[in-house]
Amino acid sequence: MNKRTRRLVIVNASLAVLLVVAAAGGYLLLFRDDGDADASDLRTVAVARGTVEATVSASGTVGPSRSANVDFGTSGTVEKVRVKAGDEVAEGDVLARLDDTAAQQALTAAESKLTAAEEARAELDDSDQDPSDSQVASAQANVDMAEAEVSQAQADLDATKLTAPMSGTVLAVNGTAGSSASGSGSSGSGDTGDSGDTGDTGDTGDTGNGSGSSGDLDLESGFVVLGDLDHLVVDASFAEADTAKLKTKQNATLTFPALPDTESSGKVGSIGLTGSNEDGVTRYDVRVSLTKPPKGLKVGQTATISVVTQRATDVVYVPTIALQGSGDQASVNVLRDGRSVSTPVTTGVKGDTFTEISSGLSEGDKVVLADSTGGSSQQTGGGEPQVRRVGPGDKPGVVQKP
């Protein structure tokens, strides 16, 4: 055998040995027990103690607790507009007037007719001859008819004057002097308050109706639109499962995309009794009243409502992603003596980010995490969990966040 042949044999033999070793290593990696996993390959977090909160949230629109779309009670030409957007008005203030010339003339004519009817009725009483019953009845009927005409004429004249049915801020004026106005009365939304009642619309005008939804506020409907900006609310639509967790008077936290780093508190005021289907999900209207609206908040802006539905304090907890299974079958993988050991646990308050562990774990235990993160529930008081990654290139003792 020459030298070249010997070298080929040696190289082939070496390659064969390497292939056998690689195959054996692959077999061990594929079929070894999970409990034999090298602890340096595992991503773990220490079981912590603190407060776990479960929340539900939804986005909605900022609006006044009460509003009124005010229109003239009759048609005509606008003679004068006395307010503009942003003005504060009191109940009963005159907002605008129509040309009332024709209405004044009609009232004068009706009053003259009434005077004549009353004089004719009096003459029957003062005559020397006894009037017949039919004469008296006819005279009285004329008086009654004339009185009705005067009342109607007075109402028509009053309708040329647009008055505020409530105190508030002028949000919009949809007309100018010289323009035509059609009479359609006024409508308004009621104040639901904090009790979750449907609202009292008595302060929004005799012709008002209580829609109770600031999200339905139409700034183009009505000659003048009024709103109570001293008491703002947010109307939002919550999914059916989340609505079931809500109760009136629950505290709420609100944030506003248009006002970064601004947060406000509120209370759940009313929860809709009937739902509507949106993209296959049943949703319910929920109104939240703002306890103290932040400066600069405007009607129509978007707000995110977050309501804490469950809270557990001074409890041990783990990231929810560490849990496997649910209910009586819940478990977590715990790092014990360098091995990942499946451990049954009993859970309490649960959210997407953190879950309370009622039994099965102790503070400081190291649980194995998945590679994903999530979150809607919050954790406070126990500090942010510290995750230790130990692997090639990591220095011992270095603590890294997920």
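Use the structure listed above.
Structural notes, computed from the coordinates. (Residues numbered from 1 in each chain as written. Predicted model: local features only at pLDDT ≥ 70, side-chain atom pairs only at ≥ 80, totals over all residues. Heavy atoms only, no water.)

### Observations concerning the overall build of the protein chain
Where we set the bar: Where helices and strands are cited, they refer to DSSP runs of H or I of at least four residues and of E of at least two residues respectively, numbered from the N terminus. Remark: exposure states derive from per-residue accessible area (1.4 Å probe, protein chains only) relative to the maximum for the residue type, with buried under 20%, exposed over 50%, and partly exposed in between. Residue contacts follow a heavy-atom distance rule, with two residues in contact if any of their heavy atoms lie within 4.5 Å. In this description, accessible areas are obtained by the Shrake-Rupley approach with a 1.4 Å probe, and a residue is regarded as covered only by the protein chains that are shown.
The secondary structure content of the protein chain amounts to four helices and 25 strands. Looking at the 402 residues of the protein chain, the share that counts as buried comes to 36%. Residue pairs at least 24 apart in sequence account for 75% of intrachain contacts in the protein chain once pairs closer than 6 positions are excluded. Of the accessible surface of the protein chain, which amounts to about 22,600 Å², a share of 48% is contributed by carbon and sulfur atoms.

### Considerations on a negative patch on the surface
Which entries qualify depends on this criterion: Here the term patch refers to residues with relative accessible area over 30% and no salt bridge, with like charges joined within 9 Å and nonpolar side chains (Val, Leu, Ile, Met, Phe, Trp, Tyr) within 5 Å. Take a side-chain nitrogen of Lys or Arg and a carboxyl oxygen of Asp or Glu: if they are within 4 Å of each other, that pair is a salt bridge. Charged residues are defined here as Lys and Arg on the positive side and Asp and Glu on the negative side; His and the ends of the chain fall outside this count. The location of each charge is read from NZ of Lys, CZ of Arg, CG of Asp or CD of Glu.
Taken together, the side chains of Glu-118, Glu-119, Glu-123, Asp-126, Asp-144 and Glu-147 make up a negatively charged region of the molecular surface. Breaking the negative patch down by element, the ones donating at least two residues are α2 (101-126) and α3 (133-158). Sorting elements by how many residues they give to the negative patch places α2 first, with four residues. Among the secondary structure elements, Glu-147 is positioned in helix α3.

### Things to note about α2
Rules: A helix is expected to reach a length of 1.5 Å times the quantity of its residues less one.
The first and last C-alpha atoms of α2 sit 38 Å apart over 26 residues, in line with the 38 Å expected at 1.5 Å per residue. Listed in full, the buried residues belonging to α2 are Ala-103, Leu-107, Ala-110, Leu-114, Ala-117, Arg-121 and Leu-124. Packing partners of the buried residues in α2 comprise α3.

### Considerations on the packing of aromatic side chains
Aromatic ring pairs are defined here through the distance separating the ring centres and the angle between the ring planes. The condition is simple: For Phe, Tyr and Trp, where Trp contributes only its six-membered ring, two rings pair if their centres lie within 6.5 Å, and the inter-plane angle classes them as stacked under 30 degrees, edge-to-face over 60, or tilted in between.
Throughout the structure, instances matching the rule amount to two aromatic pairs. Relative to Phe-223, the ring of Phe-72 lies with its centre 5.2 Å away and its plane at 65°, an arrangement referred to as edge-to-face. Linking Phe-72 in the loop between β3 (67-70) and β4 (76-81) with Phe-223 in the loop between β10 (187-189) and β11 (224-227), this pair joins segments that are 151 residues apart in sequence. A residue is classified by how much of its surface remains accessible, and Phe-223, at 5% relative accessible area, is buried.

### A closer look at the environment of Leu-229
Looking at where Leu-229 falls in the secondary structure, it is placed in the loop between β11 and β12 (232-239). The exposure class assigned to Leu-229 is partly exposed, which follows from its relative accessible area of 32%. Sequence spacing of Leu-229 and Pro-64 is 165 residues, and the spatial spacing of their C-alpha atoms is 5.4 Å. Those residues in contact with Leu-229 that sit more than four places away from it in its chain are Pro-64, Thr-169, Leu-171 and Val-299.

### Description of the pattern of salt bridges
In the structure shown here, the tally under the stated rule is eight salt bridges. Notably, a salt bridge pairs Asp-314 with Arg-49, separated by 3.5 Å at the nearest N-O pair. With Asp-314 in strand β17 (residues 302-319) and Arg-49 in strand β2 (residues 48-64), this pair connects stretches of sequence that are 265 residues apart. Given the relative accessible area of 54%, Asp-314 is considered exposed. With relative accessibility at 34%, the residue Arg-49 sits in the partly exposed group. Residue Lys-84 pairs with Asp-87 through a salt bridge whose shortest N-O separation is 3.2 Å.

### Some details on the pairing of strand β22 (residues 354-359)
We apply this condition: Pairing between strands is defined by DSSP: at least two bridges between them are needed.
Of the strand pairs in this sheet, β17 and β22 are connected by three bridges, and their pairing is antiparallel. Counted as the bridge partner of Val-318 is Thr-355 from β22. Here strand β21 (residues 346-350) runs beside β22; their pairing, made up of three bridges, is antiparallel. Directly across from Thr-347, in β22, lies its bridge partner Ile-357. Between the end of β21 and the start of β22, which pair antiparallel, lie three residues.

### Observations concerning the pairing of strand β19 (residues 331-336)
In this sheet, β19 lies alongside strand β18 (residues 323-324) in antiparallel orientation, the contact comprising two bridges. What sits directly across from Leu-323, in β19, is Val-332. Taking the residues between adjacent antiparallel strands as the criterion, β18 and β19 are bridged by six residues, where Gly-325 takes a positive phi near 75°. As judged from the six bridges shared by β19 and strand β20 (residues 339-344), these two strands associate in the antiparallel manner. Paired with Arg-336 across the two strands is Arg-339, which belongs to β20. Taking the residues between adjacent antiparallel strands as the criterion, β19 and β20 are bridged by two residues, where Asp-337 takes a positive phi near 55°.

### Some remarks on the sheet that holds strand β9 (residues 180-181)
Pairing between the strands of a sheet comes from backbone hydrogen bonds, and it takes one of two forms, parallel or antiparallel. With antiparallel pairing, four strands are arranged side by side in an open sheet as β7-β6-β4-β9. Each having just a single partner strand, β7 (161-163) and β9 make up the two edges of the open sheet. Looking at chain direction, strand β6 (residues 94-98) and β7 are connected through three bridges and run antiparallel. When the sheet's bridge partners are listed, Ala-96 is paired in β7 with Leu-162.

### Thoughts on the packing of α2 against α3
Which entries qualify depends on this criterion: The angle between two axes is taken between their N-to-C directions and runs from 0 to 180 degrees, where each axis is a line fitted to C-alpha atoms and a helix contributes only its stretch in contact. Oblique is the label for any angle not covered by the other classes, which are roughly parallel (under 35 degrees), roughly antiparallel (over 145) and roughly perpendicular (65 to 115). Crossing handedness is defined as follows: a turn of the near helix away from the far one that is anticlockwise and smaller than a right angle gives a left-handed crossing, while the clockwise case is right-handed. Residues are grouped as follows: Ala, Val, Leu, Ile, Met, Phe, Trp, Tyr, Cys and Pro are nonpolar; Asp, Glu, Lys and Arg are charged; all remaining types, including Gly, are polar.
Running from N to C, α2 and α3 cross one another at 160°; their axes reach a closest spacing of 8 Å. By the angle between their directions, the pair α2 and α3 is classed as roughly antiparallel. The interaxial crossing formed by α2 with α3 has left-handed handedness. Across the contact of α2 with α3, the residue classes tally to 14 nonpolar, five polar and seven charged.

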